[in-house]
Structures are given as structure tokens and as C-alpha cells.
Amino acid sequence: MAEDIYKSLSLTELRFLAEREGVKNVDPYDREELIDLLEEIWEEKIADRKLNNDIMRLKGKKYDIYREDLKGTYRETEYVIPENYPKTSIQLLLRDPFWAYAYWDINQFELQVILTRHPNAQFYLRVYEMTQCCADPENILGSFDIPIKVEDSSWYINLPNPGRVYQVDLISENVDGELKQLCRSTMLESPGGYWLNNPDELRHNSDDFKLFLAGYSNGSDHMTANILIQRILADLEDSKQDSRSKE
Amino acid sequence: MDKGYIGLTLHAHLPFVRNPEFNRFLEEDWLYEAISETYLPMLRVFNRLRADGVPYKLTLSISPTLSSMLSDHLLQSRYAEYADRMLDLGQKEMKRTADQPDFHRLAKMYCNMHQQNLEDFNELYKQNILAGFRSLEETGHLVLITSAATHAFLPLYQDYPQAVKAQVELAIESHISHFRKKPKGFWLPECGYYPGLEKILSSYDIKYFFTATHALTLANKKVKRGIFAPVDCGHDISAFARDYGLSQAVWSEDDGYPVDRVYRDFYRDIGYDLDEEYLQPYLHDKKIRSFTGFKYWAVTSKSDFKKVYNPEVAQKRVSEHAGNFIYMIERKTRNISRILDRPPLFTLPFDAELFGHWWFEGVSWLEEVIRLLADNNHIELITSEDYLRRFPENQQALPAYSSWGTKGYSSVWVDGSNDWIYRHIHRSIDRMTELVERFPDQVSLKGRFLKHAAREILLAMASDWPFVISNGTSVGYAQHRLKEHIHNFNLVYENMCRNSVNTEWLTRTEKKTNLFPDIDYRIFSRD
């Protein structure tokens, strides 16, 4: 059906749609090629949506009133929003137990001062892993650095362990190895939970195990895609196999 | 046989879309479709059950943006026009299909539905369908609760407690103004919870909220009743976790009831099948084909091959599916009761718009389930409020950070396509707090200017925009809306920093965005 609709559009309209999908330099493409390309992009989008869980897929239908790919240019003013903000700061947002999204701004004046004094300055994100949300250095289990470019302003950070607290510093380093902390994020706690730390109880108590999974059961089958629950189940399976091999 | 409880909660929400500057506006159809296909048919079912003396009590969350739109005169009159247009299309369809009996009776079915919608909307509810829900609450059939003011996904604002408080406080104020009653329950948008949120909710006298399943499965303590009872979060507030397994029967697009082959297909719509010229009066723009709601085909299979929809066959299947649902609950009750010290509670929250809009037969299924439960001696329909009254003592535990989105956390609302929005929204919140500190007691023009700035931030916080961008539907519109709100906020901020007010702009923008007219901009103060 989409192919038929694309076929009904003019070359200019097809070029506009392709440009909107991020295709650079649409001029060399002929009509047929553009139709194929757009159809391919649309199929990819549909495939991406299928990765969503059922609730998200069905929720999407609430907003389905037309096919986005076939809708023309947006009909109102393009609003201008700030490119960056003058306050040097970094923010950490939890995406899931193993990933956080960090974004930051560096005051342009402050940045110019650093780069004028130290043209080869390096920039890092220093990620601290801690046991709890408290500034006591004793809680720090370790840290690791992520080198970034001066033009970067965001990063997805892998959090090694669930149930831990993370904090990030934005740091510049000059050629002499001198470090300067430009800003620090607030602390972020990655979700963990009782069973992550006490999986053995689940192994030894069948009622606990039944209760643990019962919320994901329709009475006959269990289904859960939660990464921490899958990890607990995998740990239980591993320890079961270990016991078997010892026997 | 073992006893069990089932807590059905429906969450009705749509983002605030109101564009008086256009005669017709495409995205306003989200509201009109939901009124036609979900809210009015649902009200008919609830009223019918009440009239038949069927005992039932459900929880219904109505978001403040939806309440505002449903009580807005412009949108009410535009809905009446929309329903008129749909009735007109129905009559035209009856003529077009006169020689095709299978299609003709479906055209007639839609025509009757729009006729009934118009009558209910104009005559029964005098264009304000909130009155219908209020009446059902007054007779004890519904418990109405609220949700965040603009449906913000709250875990992504946990470092901005002033913004979270603003979302909660305004939600409660809005609920009181529409329903004349303070809500005891709160629907967390997308079931998005972070530890600490319960304290904010509790400080506004909220007694319970709903979470995803793993919020309790992965709680900080071993939860002895699993998800089959609420937990006491320690501040006179309880968390009810949804039963993922049971709700999949309804939610699943792969093997849930709604995709049964005899049910009506959602995608095949005359808006895409018929000539543009014929559809012209009903489309927004000749370039944009859109759904009309006139859908004549059954799901049939996953291929393009479709059979004509047969409502009688579908209704028979509705009864079977309602029976199967009760059977599943009974079976699960039997399976789980042995290890519990009280009857299990199955918490089943759903988006209201799932019923009727996507799952056309969903409203009938809901009616059948309620009727079957009324005659069932083992499974009792109960609301969270009544459950807490009956079982006031619950285990203390803190739920885990969670949502009901894909993968169970925030990844739907923070991904490569939508993560850019948070820098702007968070900075705007900081700037709004700064404005409150600099201008703590403005009234008149500057007060209006600041009120409007607060409104713009709240609208930018809606979870709908990052969801829509991530989901790939209406991306252009969602991006446009976000940029509009961020731009408008910054315009106020910059003007206030220069100690000036753009009166003409303010008047125009207030007229367009009339949400929360009594908002106090100091709601964004740091305290």
C-alpha cells in the first residue's frame, strides 16, 4: 500500500520526504530509487517499533491517525531553541540498571579560558561507583574515565553493577597532567533489589521462587523481559548446574 | 474454592492539543476519536450496568490534560462538528455500499454509533462528558483518581523535586475543580516510579498509586505476598503492582484477545482505501490521508488478506474471551492461594483508550467481564480504596525504580531520538525556579507572564512527546510541540530578565494554551 502511495507523489515530494528521513544529497536518485529507499526506511521503522513491549506498541496506536512518513512538511513556524546554556553543569539520567544518559554544558567563556591556556587540554567523564548515596569517600568502590571530545555534550554510560550508586565528574586535563573538575552530577542509584543480593534464598525456598515469578504468569506460562529478573534466573540456573556437577 | 480479588483500573489520558488558530487541526483528532470510540461507548456500558443493577466498582484515572480538554468549550464544539462529519460520512457510506450487504450493515453500524454519540454528547451530557463520570462516581460505581498534571514521566525529573511537586499539586487542584473531590489515588504516568516519589505523593495526602510488576518483585525487601497485595511505603501510602501475566491477555499484540482473527482490524480503514475526492470533506488536507474509523475488515491473519468483519461472530468471541479471562483468574487464584496468608489481589491497570479505539470490541469485553464477575462467588471486583479499607495492614517495603515501558525502566523516554529534550526542559525548570526567586510576588501583567512560563514548562514535560518521537508516530508534531514550549518559555525568561512583557504575544498565547488558568507560578519554588 505504501508503495502505491509513494508512486502517487511527485519527484519533489519524494525528495522532500527522503531529506526529512536524513538522506543526504537526494538529487542523484531517480524516482524509482527514491520510492525503494523510502519504503526501506519505513520497513526499518516498523521493525524498530516491534522491539517495543506490548504496552508501548499498543499505546502507539492511540496516536495513529495517519502515516507519519506520508505526511507533508509541518505547517507552522519553526521555533528556535537555545543551542547551549551558559551554566556549566552535568546531569545524569537513569535509562535502565546498566545504562545512564549524561548530558552537560560548559560555559563558553570558561571553555575559552581553558582552551586558550591549554590548547591541547583533554576532557573526561570520571564515573564513580559507590555503595550508597553518601559523599563519604569510603563508599567509593572505584572509578573509570571516559575520554570525550570538546564538542561532545552527551554520552551513554555503561553502569557496571546494578544496585550501586554512580556519580560523574566532568574533568579537563592539561598537558602537565593537571586535572580540573568542571562540574559534578548528582548521585544516581541503579536499581537492584532484595533478590539480586539473596538469590540463594530463592533457590532453597520453592514458595519464594513461585511468588517471585507469579506476577509474570498467566497461570500456565511465565514471561518476563526484565533484565534483572533474567539475571537472577540465570544465576539460579548457573548455581543449579554447579550443584549438579559437584554431585 | 479459593477466593481472589481483582482490581480493574483504567487510565484515560491524552496530551493537551488545542489550536484555535486553525479551523481544523489534525492532532485534535486524538481527542475526538477517543471520545467517539472509547469514552462515550464506555460511559454507555457503565450506565447500562448501573441501570441493570449489576454491582461493580472500578478505578478510573483521568489525566488533568484530558479533563481540561473535555471541559473546554472550543474542543467540545469541535467534537460535535467532528461527530456530525462522521455521521455524514456514515450516511454517504450507506449509499455507497447499498449493493454490498456485508459492507452496508457495517456502514449502518457506524452510522448508528455516531448518531448515538451525538445524542449522548449533546443531549445527555450537554457536551461535557466529565459529568457522566462524575455521576458514576456519585453512585459508587467509579472511583476517580488523577495523574500528573501534564503526564510527565516523573523518574526523569527526580533531581527537580519542585517540578515533580508542581505536577502533583496541579493535578490534585485540577481534579478538585473538575470532580469537586480530592483524589486519594494517583496514576503515575507510565507507572514511572523512583524511590522517594512516595514521600512527595504522601505530602499531598495521596494514599495509593500503581506500579509495574517488578517494582515489587525487585523491592528493597522480600515481599511476602509478592504482587498479590499492596505494600505500605511507610508514609501512609501504598503501592499496588500490576499483574503482568494476566494483563498480557488483553495487552498483547501477538497473542492477546484483541488480535483474534474475528475481531475488527484496526489498520484497514476507508481513509486509505477509497478515492481522495470522495473522502475530501473528511480529510484535513488532500495530502494527508488519515483514519476515519470506518473499518470493514476483520483481523483474519497477519497477511494483507482480510475477511469482511462480522459483528455477531465477534460478539460471540467477546463472551468466550470474557469467560476465559475469569477462568485464568480462578486458575491463578488456585495456584497461588496456598502460599499466601490472605486471598490474592490481581491488580490490572489498562490504558482506557485501548478499549474501543484499538480493540473495537474491548468495551463489550469489559462489560461481559463485569457481568460475569457479578455472578461469581469466588472472584470479587474491588478497588484499591476498598482493599485498603478491608486490609489496612500491609507489609512495609519500598518499590524499585521502574516503569511499564519497554525493558521496564526509562529507555522509551530516553533514547537516541528523544534524549535532547531533557537538557532544555531541565534548564527551563532551573530558570523558572530562578524567576520565582527573583520575582516572588508578581501580579497583573508580569504575574500572567510568569504563570504562562510555568504552563509552557509543564506542557514540555508531557511523557507523550518523547514517547511519540521514540515510537515513530507523529514525530514532526511532537518535535514541533517541544520546541514551541521551550521557545515560549525562553521568550518569557529573556523578557523578564530585561524587565519587559510582550503583551500582544502573551494575550495570543494565553488564548491558545488555556490550560490551568489558575496556576500559581510559585509552584516552581525550590522549597
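Residues numbered from 1 in each chain as written. Chains lettered and ligands numbered in written order. Predicted model: local features only at pLDDT ≥ 70, side-chain atom pairs only at ≥ 80, totals over all residues.

S.K.: Would you mind showing me how to read the overall build of chain A here?
M.R.: Each helix and strand in chain A was counted, giving nine helices and eight strands. Here chain A holds 247 residues, and the buried ones make up 27% of them. Taking the intrachain contacts of chain A between residues at least 6 apart in sequence as the baseline, contacts between residues at least 24 apart amount to 57%. (Helix = DSSP H or I, 4+ residues; strand = E, 2+ residues; numbered from the N terminus. Buried ≥ 20, exposed ≤ 12 C-beta atoms within 10 Å, placed from the backbone. Contact = placed C-beta atoms within 7 Å.)

S.K.: What exactly am I supposed to notice about the nonpolar core here?
M.R.: In a soluble, globular protein the nonpolar side chains are often hidden away together inside. With 200 residues, the main nonpolar core has Ala-453, Ala-454 and Ile-457 of chain B as its most contacted residues. By residue number, the principal contributor to this core is helix H1 (residues 29-51) of chain B, which donates eleven residues. (Core = buried A, V, L, I, M, F, W, Y, C linked by C-beta atoms within 7 Å.)

S.K.: Is there a simple way to think about unusual backbone geometry in this case?
M.R.: Excluding glycine, most residues fall at negative phi; most peptide bonds, likewise, are trans. All names here are of chain B. Non-glycine residue Arg-180 carries a positive phi angle of around 55°. Take Arg-180: it is sitting in the loop between helix H6 (161-179) and strand S4 (185-187). Non-glycine residue Cys-191 carries a positive phi angle of around 55°. Counting through the fold element by element, Cys-191 comes out in the loop between S4 and helix H7 (197-203). Given 23 C-beta atoms within 10 Å, Cys-191 falls into the buried group.

S.K.: Would you mind going over the interface of chain A and chain B with me for this structure?
M.R.: Frequently, the measure chosen for interface size is the accessible area that the parts lose on association. At the junction of the two partners, chain A supplies 60 residues and chain B supplies 77 residues. A per-element tally of the side of chain A that touches chain B places helix H4 (residues 54-62) of chain A first, with nine residues. Of the residues belonging to the side of chain A that touches chain B, the class tally is 30 nonpolar, 14 polar and 16 charged. (Nonpolar A, V, L, I, M, F, W, Y, C, P; charged D, E, K, R; others polar.)

S.K.: Any chance you could explain the pairing of strand S2 (residues 58-62) of chain B here in plain terms?
M.R.: In regular strands, side chains alternate between the two faces of the sheet. Residue and element names in this part refer to chain B. Burial analysis of S2 places four of its five residues in the buried class, which makes it a mostly covered element. Relative to S2, strand S1 (residues 4-12) runs parallel, the two sharing four bridges. Directly across from Leu-10, in S2, lies its bridge partner Leu-60. Each parallel crossover has a hand, and the one from S1 via H1 to S2 is right-handed. Where S2 and strand S3 (residues 142-147) come together, four bridges link them in parallel fashion. If you follow Thr-59 over to S3, its bridge partner there is Val-143. (Pairing = 2+ DSSP bridges. Right-handed = clockwise from strand over helix to strand, strands pointing away.)

S.K.: In this structure, what is going on with the confidence of the model for chain B? I would like to understand it.
M.R.: Low-pLDDT stretches of the model should not have their predicted coordinates read in fine detail. Here chain B averages 95 in pLDDT, while 100% of its residues score no lower than 70. Note on the complex model: pTM 0.92, ipTM 0.94. (pLDDT = per-residue confidence, 0-100.)

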